[in-house]
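One letter stands for each residue in the lines below.
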Amino acid sequence: MPALEDFLAGLEGRLNIHTVQQILRVNNLLSARSWAELHMIIKGAVAKKPLILDRLKEALQMQQICDLKAVSYYRVGPEHADNIFLKLLDYKILPNPMGAAFPLAVAEDALTKDDGELKVIKSFSDDSGAGLILSRKRRFTLSNDILRDNFSQEMRDQFPQAEKLIEVKAYDRQTFDVIYFNRQRSYIELRADMTRDTGMPQTSGQLKKSIDDLKFFSRRLLATFSKDFVLGTPFNLLPLAKGVYADMSGAIKRIGFATETESVKRETMKAGVDLRSELFHKTGAKAIDHKMSIFEVAMQWHRMDIDKVDSKPELHIPGSYRDYVQIGARTDYAFVKGMRTYDDSNFVLNKIISYIP
């Protein structure tokens, strides 16, 4: 089953193992703790019930569109909303090799031939809006420190004085970015792909290029959708950090803050535990009368406890104290993950809007 093997490799490269386990459980199938065991279970299950493969493909497509993205939010005025929405729904997709295998990545030969420029490969819609999927080839580099103890004899001879060498490898990967218009709330979401290889996140520099390139492409494209429309500055998420921390409907997973005594702290918690309930944090927060200047925060919601949806979306507003104290400080994007339904994006956006002072 070479086609199934390719699909499973793509599944492992992009989907969280817990998402696959959940899909199997919904279909009354055994689950497993390792990908190797899951591969075996899925092969046997698909042979008996092909519908399972369709559900896995749907999950992978949803993930490529919604999950593991750096999202910037742009408000759209009522005079442009209908035009943008209709243009997205009716957008004509030109045939392109980079979209041939979606939701999987294309084969190596097709990737090699790509020019590295963003291009629209698919359109989609859900209950809240419509969007376009963009793709391209990205070249990434990976640095690896080699200590002298691990030098080969040839390396020792060539670099007799070196205590460490830095190995830099370059490789090409296909990325998936998204332009999405939430018609319900009249916000454009630019979702820049965060991953580069088997779940590995992009570095801050690589991610900045992803965000900037997507914004530049989107600005030109959307200007053709509605007369006089200009994609301006994204919504500043930094002032919302305090509202996220005060929201008791989810669990705080990470926080960065400064106190009135100039102490700067960062705290994180393992999955499933709300940092606010942790004794050390609770005691410290009480000691300073909860007077914290929050510059970074991450929250996870268990939607089953909120609206009976079986997903755990997470919003992370990143930041640093150095940037926070600058005049006109901004956070132009948030990280989202754990998105298992298209509506999770709408859920997160509604939460963001609820934090606006």
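Here the structure is a predicted model, which is why all the values come from computation and not from measurement.

Conventions adopted
Numbering of residues begins from 1 in every chain and follows the order in which that chain's sequence is written. Thresholds applied to this predicted model are a pLDDT of at least 70 for local features of residues and 80 or more for the giving and counting of side-chain atom pairs; totals over whole chains, interfaces and linings are not thresholded and use all residues. To get the side-chain values, take all heavy atoms of the structure and skip hydrogens and water. Secondary structure follows DSSP: runs of H or I at least 4 residues long count as helices, runs of E at least 2 residues long count as strands, and numbering of each begins at the N terminus. Given the number of residues in a helix, its expected span is that number minus one, multiplied by 1.5 Å. Only protein chains enter the accessibility calculation, which uses a 1.4 Å probe; a residue whose area is less than 20% of its type maximum is buried, one above 50% is exposed, and one in between is partly exposed. Each C-beta atom gives one direction from the helix axis, and the arc is the one those directions make. Stacked, tilted and edge-to-face pairs are distinguished by plane angle, under 30 degrees for stacked and over 60 for edge-to-face with tilted covering the rest, among Phe, Tyr and Trp rings (Trp via its six-membered ring) whose centres lie within 6.5 Å. Either the NZ atom of lysine or the CZ atom of arginine qualifies as a charge over a ring when it sits within 6 Å of the ring centre and within 35 degrees of the ring normal. Strand pairing requires that DSSP identify at least two bridges connecting the strands.

**Structural notes on helix α8 (residues 204-223)**
Two residues of an α-helix separated by three or four positions point the same way, owing to the 3.6 residues in each turn. If you check α8, its first and last C-alpha atoms are 28 Å apart, about what 20 residues at 1.5 Å a residue would give, namely 28 Å. Of all the positions in α8, only Q206, L207, S210, I211, L214, F217, S218, L221 and L222 are classed as buried. For α8, the arc enclosing every buried residue in end-on projection is 140°, short of the 170-degree limit, so these residues lie on one face. Along α8, the residues that are exposed and aim more than 90 degrees away from the buried face are S204, K208, F216 and R220.

**Topic: the packing of aromatic side chains**
Scanning the entire structure with this criterion turns up eight aromatic pairs. Considering the side-chain rings of Y91 and F225, the 6.2 Å spacing of their centres and the 55° angle between planes classify their relative orientation as tilted. Taken together, the positions of Y91 in the loop between α5 (78-89) and α6 (108-113) and F225 in the loop between α8 and α9 (241-246) put the pair 134 residues apart, joining distant regions of the chain. Between W301 and F347 the ring centres are 5.6 Å apart and the planes differ by 80°, which places this aromatic pair in the edge-to-face class. Of this pair, W301 sits in the loop between β10 (293-300) and β11 (314-317) while F347 sits in helix α12 (residues 343-354), and the two are 46 residues apart along the sequence. Overall, W301 belongs to the buried group, its relative accessible area being 0%. Among the aromatic residues, ring-to-ring pairing joins F295, Y321 and Y324 into one connected group. A cation sits over an aromatic face here: R191 above Y180, 4.4 Å from the ring centre.

**Observations concerning the pairing of strand β12 (residues 334-337)**
Two elements, strand β1 (residues 69-75) and β12, share three bridges in a ladder whose sense is antiparallel. Looking across to β12, one finds that A70 is bridged to F335. When β11 meets β12, the two strands line up antiparallel, connected through three bridges. Paired with L315 across the strands is V336, a residue of β12.

So yeah, pure geometry; function would need other evidence.
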